[in-house]
Amino acid sequence: MALLYKADPVRGEHWKRLFAEHAPDIEWRAWPDIGDPQDIRYLAAWQAPDDLDTLLPNLQVLFALSAGVDQLDLDRLPTTLPVVRLLDPSITRGMCEYATFAVLSLHRDMLRYRQQQMARCWQAHLLQPAAKRRVGVMGLGTQAQQILATLQPFGFALSGWARSEHHIAAVDCFAGAEQLPAFLGQCDIVLCVLPLTEQTKGILSRQLFQHLPKGAALVNMGRGGHLVEEDLLEALASGQLSAAVLDVLEQEPAAPDHPFWQHPQILLTPHIAAMTQPESAFSVLLENIRRHQRGESMLGQVDRKRNY
């Protein structure tokens, strides 16, 4: 019985050592050296190879090495193949760290102060108390709820929006398309932590920005496909939005001539909000393999109808 790994080769060496030490009964193989494909029962990958059903005829589970699965074309995978997200606690910690950094940077006007530094301008601006800064999170899954909990001690007025109804202590929750405008209308800083689905693709658009208070700021920690980039540039130029922190783009890496590189109101990072760490993720992956071997349900299994 073998597991095939198809992702970053450097981190793959860490995974290999962990399996050798803690799960020697599972043979480790790294793409593209798959050996006899008949032996492979598990695939751990960022993106799946084409024609899985013929390439790996005895594959039993696809483990996505990520918290989301929108990088996978689920329609091209065998319908009976379970797809399991990686519930790595380091991903959640990383997302909370990044959200805190982004919100505080916008709250304390750091993009403006960075521009002033480049212009050798020494000028202080009025500080808005955190209690008067309204921060909203789009998406109320596990990671989003942890982000909200991390932001609570700063004293921000917190709210959240999701497709379905939620109840979270000290968070004003909104649900459904009919409540989205009301949610947006009271957000000075809005964070997108939504999964990318057909319903959420392009949601960060001109129409959405118009519901935000003038001068609001955006943080996109979801996927590049959530954002209509031209609409963001338009909103920044008009003053409808004052700033944006973006960790993801539709095309990564951005082209050398992409307007976001030099934009003074955009802070751009290269998809680093959170990264899978083999040391913390290994036990989660191994436990799911053991669950599968025992015939038990696996944690993080994807609902094909919802794409997450």
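Parameters and conventions
Residues numbered from 1 in each chain as written. Predicted model: local features only at pLDDT ≥ 70, side-chain atom pairs only at ≥ 80, totals over all residues. Heavy atoms only, no water. Buried < 20%, exposed > 50% of the residue type's maximum accessible area, 1.4 Å probe, protein only. Helix = DSSP H or I, 4+ residues; strand = E, 2+ residues; numbered from the N terminus. Pairing = 2+ DSSP bridges. Right-handed = clockwise from strand over helix to strand, strands pointing away. UniProt positions renumbered as here; feature names shortened; annotations may be inferred. Disulfide = S-S within 2.5 Å. Salt bridge = Lys/Arg side-chain N within 4 Å of Asp/Glu carboxyl O. Axes fitted to C-alpha atoms, helices over the stretch in contact; angles between N-to-C directions. Contact = heavy atoms within 4.5 Å. Core = buried A, V, L, I, M, F, W, Y, C linked by side-chain atoms within 4.5 Å.

**Q** Lay out the pairing of strand E11 (residues 241-246) with the relevant residues and their values.
**A** The buried fraction of E11 is high, at 5 of 6 residues. Where strand E10 (residues 216-220) and E11 come together, 5 bridges link them in parallel fashion. Pairing of Val219 across the sheet is with Val245, part of E11. Each parallel crossover has a hand, and the one from E10 via helix H8 (residues 229-238) to E11 is right-handed. Note: E11 against strand E12 (residues 266-268), 3 bridges, orientation parallel. The residue bridging Leu246 from the neighbouring strand is Leu268, located in E12.

**Q** Could you give an account of the UniProt feature "domain: D-isomer specific 2-hydroxyacid dehydrogenase NAD-binding" (unreviewed entry) in the chain, naming the residues involved and the relevant values?
**A** Feature annotation in UniProt assigns "domain: D-isomer specific 2-hydroxyacid dehydrogenase NAD-binding" (unreviewed entry) to the following positions: residues 102-273. Across residues 102-273, the secondary structure splits into 28% helix and 19% strand, with the terminal C-alpha atoms separated by 10 Å.

**Q** Would you mind going over the state of the cysteines in detail, with residue names and values included?
**A** By the definition in use, this model includes 0 disulfides. Between Cys96, a cysteine without a disulfide, and Cys192, which holds the nearest cysteine sulfur, the sulfur-to-sulfur distance is 16 Å.

**Q** Which residues make up the pattern of salt bridges, and what are the values?
**A** The final tally for this structure, using the stated rule, is 13 salt bridges. A salt bridge links Glu27 to Arg29; its shortest N-O distance comes to 3.1 Å. For Glu27, a relative accessible area of 40% puts it in the partly exposed group. A salt bridge links Asp231 to Arg206; the nearest nitrogen and oxygen atoms lie 3.3 Å apart. With Asp231 in helix H8 and Arg206 in helix H7 (residues 206-209), the pair connects residues that are 25 residues apart, well separated along the chain. We classify Asp231 as buried; its relative accessible area is 9%. Relative accessible area serves as the criterion here: at 36%, Arg206 is assigned to the partly exposed category. Salt bridges linked by common partners bring Glu287, Arg291, Arg294 and Glu296 together as one network.

**Q** For the sheet that holds strand E9 (residues 189-192), give the residues involved together with the corresponding values.
**A** If you trace the 7 strands from one edge of the open sheet to the other, you get E8-E7-E6-E9-E10-E11-E12, paired in parallel fashion. Both outer strands of the open sheet, strand E8 (172-175) and E12, are each paired with one neighbouring strand and no more. For this sheet the average axis-to-axis angle between neighbouring strands, irrespective of direction, equals 15°. Its contacts with the sheet place helix H3 (residues 89-107) against strand E6 (134-138), E9, E10, E11 and E12, and it is angled at close to 155° to E11.

**Q** Any details on the nonpolar core? Residues and values, ideally.
**A** With 31 residues, the main nonpolar core has Leu106, Val135, Ile147, Ile189, Leu191, Val219 and Met221 as its most contacted residues. The set of elements that each furnish at least two residues to this core consists of H3, E6, helix H5 (142-151), strand E7 (157-162), E9, E10 and E11. Residue contributions to this core peak at 8 residues, all from H3. The residues touching Ile147, leaving out its near neighbours within four places in the chain, are Met95, Cys96, Ala99, Leu191, Val193 and Met221.

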